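Structural overview for review
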Amino acid sequence: MRSKGVAFTGRSLLSSARNRTRLFAISCVASVIGLGAWASSANAMDGRVLAGGAPVSHSTVTLWLGRSDSPKRLAQVQTGDDGRFTLNAEQSGGAEGSLYLIAKGGEPKAHGGEDNPAIALIAVLGNTPPAHVTVDEFTTIASVWTNAQFLYGETLKGHALGLKIAARNVPSFADLESGGWGGPIQGPLNSGQTPTMANFATIADVLAGCATRVRADACSRLFSAATPPRGNAPNDTLSSAEAIARYPWYQPKRLFALMAEFYPVSPINHMLSVPFTPYLIVSPSAWVLPLKFDGGGYRAGGKAMFDSEGNLWVGDNFTVGWQGRDSFWQGNATKFAPDGRPLSPITYGFTGGGMEGGTFGAAVDAHDNAWLASYGGKSIAVFDKNGNPLTPPEGITFGGRLGLMQGIIVTPKGDVWALGLSKNQLLRFPGGDPKKGEIVCEGFKEEPCKSLLAPFHLGIDQQDRIWVTNAFGEHVTRFPASAPTNAEKFKTGWSGSGLGIDSQGNVWVTNRLGNSLRGAGVVADMIATLKLGGNGDEKLARAMAKQNGGRYGGSVSLLRPDGNPYPGSPFIGGGLPGPWAATVDGNDNVWISNFAAPNSPITELCGVRTENCPPGFKTGEQISPPGGYVGGGLQMQTDLAIGPAGDVWVMDNWEEIDSCFGVPSEALSTRCGGQGVTIFFGMAKPVQAPQIGPAKPAD
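Description of the structure in this document.

A short note on the overall build of the protein chain
Along the protein chain, the regular secondary structure elements total 10 helices and 37 strands. Taking 2.2 N^0.38 as the reference for a compact globule, 699 residues should give roughly 27 Å; the C-alpha atoms of the protein chain span a radius of gyration of 27 Å, in line with that estimate. Counting only C-alpha atoms and orienting by the principal axes, one finds that the protein chain spans roughly 90 × 50 × 50 Å. When the 699 residues of the protein chain are sorted by exposure, 61% land in the buried category. Considering only intrachain contacts with a sequence separation of at least 6, the fraction spanning at least 24 residues in the protein chain is 61%.

This is the structure in structure tokens:
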């Protein structure tokens, strides 16, 4: 039987000289085992452990420091009868890693109060913990989903930048002091506009059902419903949450069904008698928790890239408040912090340097300078890390020779390459010097431009060869960076846009119009329209907006390093209605954005290293649900980027397609451009930033 007189709370431990002596001894032991950022002091961190909104007494609370290797245990206490505890230590400097609390076992007061060893709750605090903290279902879900790439059981470890970013994202979901809702999730962009709050609260209700034992078999029912496709069944609430977060697509109805099993309908208000609301009425397609962020001048973001600190740069098609349309691109540059906070000025973003309507051209070099392509300015703009333009007011235009600009990359050797779509141009900046740029070729007379057809995006492989997609073609072009005239063409699909190269040198290409005769007809119509002085973009955009996933939708081609198609390529599916970007994560799985219906999905495909896919999946198959991942206010998308913490950032590009052409309705005339970025937290294997060359796993 547990003695109830040894709970390490402020009241019980400090009530006598004997306990003060014990506290001093505990502090000394803690320093010996590596307290690091914590030391004995009159200062204290007060906390409480809750389950189902009620205290958990006699729960063992352990303070850990997560780092690159095994985490370090710093202190351990036990909650009192009221569920409270006190850690008598102070921070003596920023911890190198991420501090976190785990509460295990205890007697939940919500139902009966019997000891429940299946209780395991977590709160990831970062390197600066609050003075008061609550550990409950909300902090557990927030910590698990944001730290999913670093948390294994009770062990939190990973590279420093990733841990820092993941910890900073916890408060977006849960308030660490109160254990209630965080700011962004209940803000106007997310609360009533997306199902994320309901997804979150439903998961919390199910975890609480086990933690408080709403029925005798509640925990066994949870463990069965949360059993992943790989590995053993969970054995506590923390491992259950981790299994759900890691495999959110796997049989989601199992977990949803527990709501009706755990909670009766209240005779008072005819709702389920749950501790947390709002809860879901129908089962989700996946247990994802995306959040939308806006500001910093963002409107209709195009290509996006992360810098070395995990900040995201993106060029905007339009500027906030303008009646933006496809014939009038005047957007600037936006920068977001890793937690979604805008770092660029409100409304206008970063301006100057020739920035006038961002496109699918963005790159960050080794000095954290951002290179952005422009449609409106027919130029290239370069900004330093603080948003100061490094290029002239008109940008890089080569004396007005440039046309509509698209893809830009930085190579491992430091060179910058860029593409001009409308004039079939290829540019190179040796050493990444904006003043040393050259037009390698343009038009259709000389290689490699002769093998290009409205070049859109590009990438460089491990053999120093550059691959280019073609918006008006059915092929990609490849040439050595050292000998561009030695160009080759390889068949893919119609209207190529995105391109990603995995660790094996395989090339993933998104074909916006797929491989059907319909796609060929749309491309022919685009070209004919342009020759007659019309708008080819409208033909493409409206055709894609009507597409559904499948035979007459888009497709993804996979080419081996030698250019031959991979078995099964091209890939089609319900999650590929209008694929735009192809982004490779640290596991070599591939993430696809879609520019199709007003609320397009994102999709994860199994890569060539199938050992990193769920059991039974083959290369090119959808890991995400049949219709892709949805929610988070997703709109018609262009880019999708993966950050150092494994967060998947999606650029919402266009919203009301009828507002983008002709003379739209006055009331909707500012609704062409998409609003905000949508972040799916911790869902992909992290990659190094800035990405220079093929993606590499983050260290």
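So that's the structure; there's more coming.
Some details on the environment of Asp46
Its location among the elements puts Asp46 in strand β2 (residues 45–51). In sequence terms Asp46 and Pro626 are 580 residues apart; their C-alpha atoms lie 46 Å from each other. Beyond its immediate stretch of four places on either side in the chain, Asp46 contacts Phe85, Thr86, Ala131, His132 and Val133.

Observations concerning the state of the cysteines
According to the stated counting rule, one finds 4 disulfides in the structure shown. The side chain of Cys210 participates in a disulfide bridge whose partner is Cys219; the two sulfur atoms lie 2.1 Å from each other. Its S-S torsion of approximately 95 degrees makes the covalent link between Cys210 and Cys219 right-handed. Relative accessible area serves as the criterion here: at 0%, Cys210 is assigned to the buried category. Across the disulfide from Cys441 sits Cys449; the S-S distance is 2.0 Å. With the S-S dihedral at roughly 85 degrees, the linkage between Cys441 and Cys449 falls on the right-handed side. There is no split in this pair, since Cys441 and Cys449 are both buried. Cysteines bonded in the protein chain are numbered consecutively along the chain; their disulfide partners then correspond to 1-2, 3-4, 5-6, 7-8.

Description of the layout of surface pockets
Roughly 700 Å³ of internal volume is contained in the largest pocket. Together, 37 residues line the largest pocket, and Tyr375, Leu404, Gln406, Leu421 and Asp537 are the ones closest to its centre. Counting only elements with at least two residues in the lining of the largest pocket, the list comes to β18 (358–364), α9 (517–531), α10 (536–545) and β36 (648–654). Tallying contributions element by element places α10 first for the lining of the largest pocket, with 5 residues. In terms of residue class, the lining of the largest pocket is built from 19 nonpolar, 14 polar and 4 charged. Roughly 490 Å³ of volume is contained in the second largest pocket. Of the residues assigned to the lining of the second largest pocket, the class counts are 13 nonpolar, 5 polar and 6 charged.

Side note on the pattern of salt bridges
If you walk through the whole model with that rule in mind, you get 23 salt bridges. One salt bridge in this structure joins Arg168 and Asp339, with 3.8 Å as the shortest N-O distance. Placement of Arg168 in helix α4 (residues 160–169) and of Asp339 in the loop between β17 (333–336) and β18 is noted, with a sequence separation of 171 residues between them. Exposure remark for Asp339: the relative accessible area of 12% places this residue in the buried category. For the salt bridge of Arg221 with Glu261, the shortest nitrogen-to-oxygen distance reads 2.7 Å. Pair noted here: Arg221 is in helix α6 (residues 218–225) and Glu261 is in helix α8 (residues 252–262), with a separation of 40 residues, a long-range link.

Section: the sheet that holds strand β8 (residues 98–104)
Strand pairs in the sheet, formed through backbone hydrogen bonds, run parallel or antiparallel to each other. Strand order in the open sheet formed by 4 strands is β5-β4-β8-β10, with antiparallel pairing between adjacent strands. Either end of the sheet is taken by a strand with one partner, and the two such strands are β5 (72–78) and β10 (120–126). Between one strand and the next, the sheet's axes are offset by a mean angle of 20 degrees, whatever the strand orientation. Two strands pair when backbone bridges link them, and strand β4 (residues 60–66) and β5 are joined in this way by 6 bridges, in the antiparallel orientation. Counterpart to Thr62 in the pairing with β5 is Gln76.

Some points on the packing of aromatic side chains
Applying the stated criterion across every chain, the model contains 32 aromatic pairs. Ring pairs connect the aromatic residues Phe138, Phe173, Trp181, Phe200, Phe276 and Phe681, which therefore count as one cluster. Over the face of the ring belonging to Phe456 we find Arg512, whose NZ or CZ atom lies 4.5 Å from the ring centre. Sitting above the plane of the Trp580 ring, Arg512 keeps its charged end 4.6 Å from the centroid.

As for the packing of α6 against α8
Interaxial distance between α6 and α8 falls to 9 Å at its minimum, and their mutual angle equals 160 degrees. As summarised for this structure, α6 and α8 are arranged roughly antiparallel, according to the angle between their axes. Judged by the sense of rotation from one axis to the other, the crossing of α6 with α8 is right-handed. For the pair formed by α6 and α8, the contact residues are Ala218, Arg221, Leu222, Ser224 and Ala225 on the first element and Arg254, Leu255, Leu258, Glu261 and Phe262 on the second. Per-class residue counts for the contact of α6 with α8 are 6 nonpolar, 1 polar and 3 charged.

Comments concerning empty space enclosed by the protein
For the structure on display, the rule yields 5 cavities of 30 Å³ or more. A volume near 460 Å³ is recorded for the largest cavity. Lys303, Met305, His457, Gln691 and Gly693 are the residues nearest the centre of the largest cavity, which is lined by 34 residues in total. Among the secondary structure elements, those contributing two or more residues to the lining of the largest cavity are β15 (301–306), β18, β21 (405–410), β25 (455–460), β29 (496–501), β32 (579–584) and β35 (636–642).

Rules behind the numbers
Residues numbered from 1 in each chain as written. Predicted model: local features only at pLDDT ≥ 70, side-chain atom pairs only at ≥ 80, totals over all residues. Heavy atoms only, no water. Helix = DSSP H or I, 4+ residues; strand = E, 2+ residues; numbered from the N terminus. Rg over C-alpha atoms; globule rule 2.2 N^0.38 Å. Buried < 20%, exposed > 50% of the residue type's maximum accessible area, 1.4 Å probe, protein only. Contact = heavy atoms within 4.5 Å. Disulfide = S-S within 2.5 Å. 1 Å grid on protein atoms, 1.4 Å probe; cavity = no way out; pocket = protein on both sides within 12 Å on 5 of 7 lines; lining within 4 Å. Points joined across faces, edges and corners; volume = space filled by probe spheres on them. Nonpolar A, V, L, I, M, F, W, Y, C, P; charged D, E, K, R; others polar. Salt bridge = Lys/Arg side-chain N within 4 Å of Asp/Glu carboxyl O. Pairing = 2+ DSSP bridges. Axes fitted to C-alpha atoms, helices over the stretch in contact; angles between N-to-C directions. Phe/Tyr/Trp six-rings, centres within 6.5 Å; stacked < 30°, edge-to-face > 60°. Lys NZ or Arg CZ within 6 Å of the ring centre and 35° of its normal. Parallel < 35°, antiparallel > 145°, perpendicular 65-115°, else oblique. Left-handed = near helix turned anticlockwise from the far one by under 90°.

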